[in-house]
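Descriptive analysis of the structure
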Amino acid sequence: MRIGSPEWIALLVEGCAQHGIAITPRQAANMADHGRFLSDWNRKFNLTAITEPRQIAVKHFLDALLPAPWIPCQGPLLDIGTGGGFPGIPLKIMRPEQPVTLLDASRKKISFLKYVIRALGLPSADAVQARAEALGNHPEHRGRYHVVVTRAVADFATVVRLSLPLLAPGGWIVLYKGPGENPELDPDLVKIATGSGSRLNPVAVHAYTLPFTGDPRRLVMVQVTQQLDGN
Ligand SMILES: C[S@@+](CC[C@H](N)C(=O)[O-])C[C@H]1O[C@@H](n2cnc3c(N)ncnc32)[C@H](O)[C@@H]1O
């Protein structure tokens, strides 16, 4: 199977349809382009460990897309540690109206993502090379985002700590997580990590299953209820 072939597109469309999500032919073509660019660039730069076309469709694109109905679509969204653009690029393709910023510490990944944004003509999308720790002190980014998403970057408490300075009051922290027990989700640990339990609404967890593989996944969501000191 080739990325962008009719079979590959059918995986995306059917996988999404199983979860009640409709993708237009244009959106599917954009995802095929992103997938092809990822595969091409991966030959020179190490952008992702997932290289097989079917795995790219299921473990990158469908995994990014299926939880989308739970993720707020209003206000600026920041993808911390986006790597090859997951979940940020597929979310952006589905949500042309929502401003999306892709953040990664790696220069080569951000060069790749700038290329993808330009080639796909994605409106109100940006790729920024920085560490999240540094971005939290930047006046352009501090307190700006309504949603922070992140997948496979750090443990829950670390993501909360990195996200708080970047979020506006009422904003959301959204983590894509794999299966298994999760002691990191202990509210006491979050309290210790952030220095304040009162800023955060209780953790909500949505479970979903990847089509075709049956792999279990969870989306962990926390809402920030109180403005950060000094914002
Ligand atoms: C395992 S990859 C995950 C990439 C992508 N989110 C995915 O799920 O395919 C982790 C990425 O996070 C980036 N990263 C790790 N810590 C970071 C930080 N503090 N600030 C910005 N990027 C970070 C790394 O450069 C790497 O590209």
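Residues numbered from 1 in each chain as written. Predicted model: local features only at pLDDT ≥ 70, side-chain atom pairs only at ≥ 80, totals over all residues. Heavy atoms only, no water.

For the protein, an unreviewed UniProt entry supplies the name Ribosomal RNA small subunit methyltransferase G and the organism Desulfatitalea alkaliphila. According to the UniProt record, the Subcellular location (unreviewed entry) comment for the protein is "Cytoplasm". The protein has a UniProt comment under Function (unreviewed entry) that states "Specifically methylates the N7 position of a guanine in 16S rRNA." (UniProt positions renumbered as here; feature names shortened; annotations may be inferred.)

**A closer look at the site of the ligand**
The immediate surroundings of the ligand are formed by 15 residues, with Gly81, Phe86, Asp104, Ala132 and Arg151 found nearest. Here a nitrogen atom of the ligand sits 2.9 Å away from a polar atom, N or O, in the main chain of Ala132. (Near = heavy atom within 4 Å. Polar contact = N/O pair within 3.5 Å; in protein donor to acceptor, adjacent residues only side chain to side chain.)

**As for the environment of Glu133**
For Glu133, the position within the fold is in helix α6 (residues 132–135). Taking the C-alpha atoms as reference, Glu133 lies 8.8 Å from Ser163; in sequence the two are 30 residues apart. (Helix = DSSP H or I, 4+ residues; strand = E, 2+ residues; numbered from the N terminus.)

**Description of the pattern of salt bridges**
For the coordinates displayed, the defined rule picks out six salt bridges. Two residues, Asp215 and Lys59, come together in a salt bridge whose shortest N-O distance is 3.8 Å. Remark: Lys59 occurs in helix α3 (residues 53–65) and Asp215 occurs in the loop between β6 (204–209) and β7 (216–223); sequence separation between them is 156 residues. Glu133 is paired through a salt bridge with Arg131; the nearest N and O atoms lie 3.6 Å apart. With relative accessibility at 51%, the residue Arg131 sits in the exposed group. Salt bridges sharing common partners tie together Asp63, Arg151 and Arg217. (Salt bridge = Lys/Arg side-chain N within 4 Å of Asp/Glu carboxyl O. Buried < 20%, exposed > 50% of the residue type's maximum accessible area, 1.4 Å probe, protein only.)

**A short note on the packing of aromatic side chains**
Tallying each qualifying case throughout the model produces seven aromatic pairs. Taken together, the aromatic side chains of Phe37, Trp41, Phe45, Phe112 and Tyr115 make up a single cluster linked through ring pairs. (Phe/Tyr/Trp six-rings, centres within 6.5 Å; stacked < 30°, edge-to-face > 60°.)

**What about the environment of Leu11?**
Among the secondary structure elements, Leu11 is positioned in helix α1 (residues 6–18). Discounting residues that sit within four places of it in the chain, Leu11 has contacts with Met1, Arg54, Ala57, Leu62 and Phe212. (Contact = heavy atoms within 4.5 Å.)

**Some remarks on the sheet that holds strand β5 (residues 167–177)**
Each strand in a sheet pairs with another by means of backbone hydrogen bonds, the pair being arranged parallel or else antiparallel. The strand order across the open sheet formed by seven strands is β3-β2-β1-β4-β5-β7-β6, and the pairing between neighbours is mixed. If you trace the sheet from one side to the other, it starts and ends with β3 (125–129) and β6, each paired once. Each neighbouring strand pair of the sheet contributes to a mean axis angle of 20°, computed without reference to strand direction. Running over the sheet, α3 touches β4 (145–151), β5, β6 and β7 and is turned about 150° from β4. Packing of helix α5 (residues 107–120) onto the sheet brings it into contact with β2 (100–104) and β3, and relative to β3 it is tilted by some 165°. (Pairing = 2+ DSSP bridges. Axes fitted to C-alpha atoms, helices over the stretch in contact; angles between N-to-C directions.)

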